[in-house]
Every structure is written in structure tokens, then in C-alpha cells.
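Close look at the chain arrangement
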Amino acid sequence: MKTLLNSLAEPNRWNIVELLKQGPLTVGEIAEKLGLRQPQVSKHLRVLSEAGIVIVHPIANRRVYQLNPQPFQELQEWTDTYRHLWEDRFDRLDDYLKEVQKNGEEEEKL
């Protein structure tokens, strides 16, 4: 999990992942769309590949990259373990806001 998050923390790698959400792309296509040099993109793709975030498909003399869904499923499962904390806090916030609104309405009546 830590490797996944560290890999995604770099803005160019995040942008590459965002591009690949739309479908597989070659290094050249990614470089063109992001306005980066091909060697830079290749380095970022190597990091993403080592983290298991992208899958490489060699086709003739090109390499096509696509997202690997498994790490993102694991990330979702991990974040789901915190869902009860968020829901509890949102419920308390909702109760607080209702109380503030109720008190505000009572003051308006005076």
C-alpha cells in the first residue's frame, strides 16, 4: 500500500495514471499529451510498473501501458476499513449542524 501511495504522490505519475484511466497508451502518446519528454515518461512508467500500477504490453517495437486494477481495488479495500470512522464523524457533524440551525431559528423567533 505504501509503495502505491508513494508512487502516486509524484504529480507526473498521477497525471499518467489519470491519462491511462481513459485507456491504454504508448510512451510517445503519454509524452505528447502531458508535454513531457519521452525519457521522463519512461522513468515514471518504470516506477509505476515496479509498483504494479501499470501493465506493459510489448507490441512489435512499441510498448503499450494500461492500468492494473488490482492495486486500486486494494486501495479501496484499505480505505473502506476507515469508512466507519468517517461516517461516525459525518453523523456527529450532521447532528451539530442541526442543533446550530435549531438554535438559530429559536433566536429569530425572539
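In case you missed it, the structure is sitting above this.
Residues numbered from 1 in each chain as written. Predicted model: local features only at pLDDT ≥ 70, side-chain atom pairs only at ≥ 80, totals over all residues. Heavy atoms only, no water.

This part takes up the packing of helix H2 (residues 11-20) against helix H4 (residues 38-50). H4 packs onto H2 with a crossing angle of 80 degrees between their chain directions and a minimal axis gap of 10 Å. Here H2 is positioned roughly perpendicular relative to H4, judged by the angle of their axes. The residues of H4 that touch H2, namely those facing Asn12, Arg13, Ile16 and Val17, are Val41, His44, Leu45, Val47 and Leu48. Considering only residue class, the contact of H2 with H4 consists of six nonpolar, two polar and one charged. (Axes fitted to C-alpha atoms, helices over the stretch in contact; angles between N-to-C directions. Helix = DSSP H or I, 4+ residues; strand = E, 2+ residues; numbered from the N terminus. Parallel < 35°, antiparallel > 145°, perpendicular 65-115°, else oblique. Contact = heavy atoms within 4.5 Å. Nonpolar A, V, L, I, M, F, W, Y, C, P; charged D, E, K, R; others polar.)

Leu20, Ile30, Val41, Leu45 and Ile53 are the most contacted members of the largest nonpolar core, which has 20 residues in total. Secondary-structure elements contributing two or more residues to this core are helix H1 (2-9), H2, helix H3 (27-34), H4 and strand E3 (62-67). By residue number, the principal contributor to this core is H2, which donates four residues. When sequence neighbours within four positions are dropped, the list of residues in contact with Ile53 reads Leu4, Ser7, Leu8, Val17, Leu48, Gln66, Leu67, Asn68, Pro71 and Phe72. (Core = buried A, V, L, I, M, F, W, Y, C linked by side-chain atoms within 4.5 Å. Buried < 20%, exposed > 50% of the residue type's maximum accessible area, 1.4 Å probe, protein only.)

Taken together, Met1, Leu5, Trp78, Tyr82, Leu85, Trp86, Phe90, Leu93, Tyr96, Leu97 and Val100 make up a surface patch of nonpolar side chains, about 1100 Å² in accessible area. Mapped onto the elements of the fold, Leu97 is located in helix H6 (residues 83-109). With a relative accessible area of 47%, Leu97 lands in the partly exposed category. (Patch = residues over 30% accessible without salt bridge, like charges linked within 9 Å, V, L, I, M, F, W, Y side chains within 5 Å. Areas by Shrake-Rupley, 256 points an atom, 1.4 Å probe, with all protein chains shown as cover. Salt bridge = Lys/Arg side-chain N within 4 Å of Asp/Glu carboxyl O.)

Before going further, it helps to spend a moment on the pattern of salt bridges. In the structure shown here, the tally under the stated rule is four salt bridges. A salt bridge links Asp88 to Arg92; its shortest N-O distance comes to 3.0 Å. With Asp88 and Arg92 both in helix H6 and four residues apart, the pair spans about one turn of that helix. Classification of Asp88 as partly exposed rests on a relative accessible area of 39%.

Everything listed here is a matter of geometry and, on its own, says nothing about what the molecule does.
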